[in-house]
Amino acid sequence: MPRAKPTNRLPKRPLLKMNKPSLLPIKLTHMLLGLTLLAMAQISVAQQLEWNKNFKEDDDTPWEEIQAQLPPAPKDENLLPFYVGPTATQKFSIDAKSLAIGTDGVVRYTMVAVSQGGAKNISFEGIRCASFEKKIYALGRDDGSWSPSRRNQWEPVVRSKVNRQHAALTMDYFCGNLTIMGNEKDMLQRIKSGRTLTDDLLKE
């Protein structure tokens, strides 16, 4: 019988079929991520609309000042001196019993200023942190009564080196970023200790 011709070809092996990875889990992940982002966007829009609504209402609401009640004449034992600055020509104090924060956001107090010659000036005043303004309601008489001030109107607090008693009260003890800082007790404690709001910020 004739011999079969030799061949160098290797026998063919059956090809293994590789299963393609399923795309279903990836699609589900992308779908869930998209739904989550959509929900977050809707929440953010709703919150922004609510914030705008509240802001508009607050902005449109006119500020109304309450009727200020004149306090009793200050007594020496209730006076708390506060530091104004190295150029001050008078010594300043506030009557601790008179300090009050009104429902209109005005900090009211009685201030006592004593000159180097001993002359004393008493005034009942208010500071509005939201507008950085001050008002003098009345001036004290020697008999303990009050006389209406001719400057009974809101004026900007002057940040100068001279006559900066209102700036000292506003920036050092009462207000921060146009906001009332704490309550009456907090303010009195700052004045008693001589620690200003700036000192508290540096401490933090």
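What counts as what
Residues numbered from 1 in each chain as written. Predicted model: local features only at pLDDT ≥ 70, side-chain atom pairs only at ≥ 80, totals over all residues. Heavy atoms only, no water. 1 Å grid on protein atoms, 1.4 Å probe; cavity = no way out; pocket = protein on both sides within 12 Å on 5 of 7 lines; lining within 4 Å. Points joined across faces, edges and corners; volume = space filled by probe spheres on them. Nonpolar A, V, L, I, M, F, W, Y, C, P; charged D, E, K, R; others polar. Salt bridge = Lys/Arg side-chain N within 4 Å of Asp/Glu carboxyl O. Buried < 20%, exposed > 50% of the residue type's maximum accessible area, 1.4 Å probe, protein only. Helix = DSSP H or I, 4+ residues; strand = E, 2+ residues; numbered from the N terminus.

Peer 1: Any chance you could break down empty space enclosed by the protein for me, citing the residues and the numbers?
Peer 2: To find leftover empty space, one rolls a probe the size of a water molecule over the atoms. Per the counting criterion, the structure on display carries one cavity of 30 Å³ or more. The space that makes up the largest cavity amounts to roughly 50 Å³. Along the lines of polarity and charge, the residues of the lining of the largest cavity split into four nonpolar, four polar and two charged.

Peer 1: I'd like a rundown of the pattern of salt bridges, residues and numbers included.
Peer 2: Evaluated as defined, the whole model comprises six salt bridges. One salt bridge in this structure joins aspartate 104 and arginine 108, with 2.8 Å as the shortest N-O distance. A relative accessible area of 9% places aspartate 104 in the buried class. For arginine 108, a relative accessible area of 7% corresponds to the buried category. A salt bridge links glutamate 155 to arginine 151; the nearest nitrogen and oxygen atoms lie 2.7 Å apart. Classification of glutamate 155 by relative accessible area gives buried; the value is 17%. Judged by its relative accessible area of 43%, arginine 151 is partly exposed.

Peer 1: Report on unusual backbone geometry, specifying residues and quantitative values.
Peer 2: Its identity is not glycine, yet phenylalanine 132 carries a phi of approximately 55 degrees, on the positive side. Tracing the chain through its elements places phenylalanine 132 in the loop between β5 (120-128) and β6 (133-140). Look at asparagine 177: it is not a glycine, yet its phi comes out positive at around 55 degrees. Locating asparagine 177 in the fold gives a position in the loop between β9 (175-176) and β10 (179-180).

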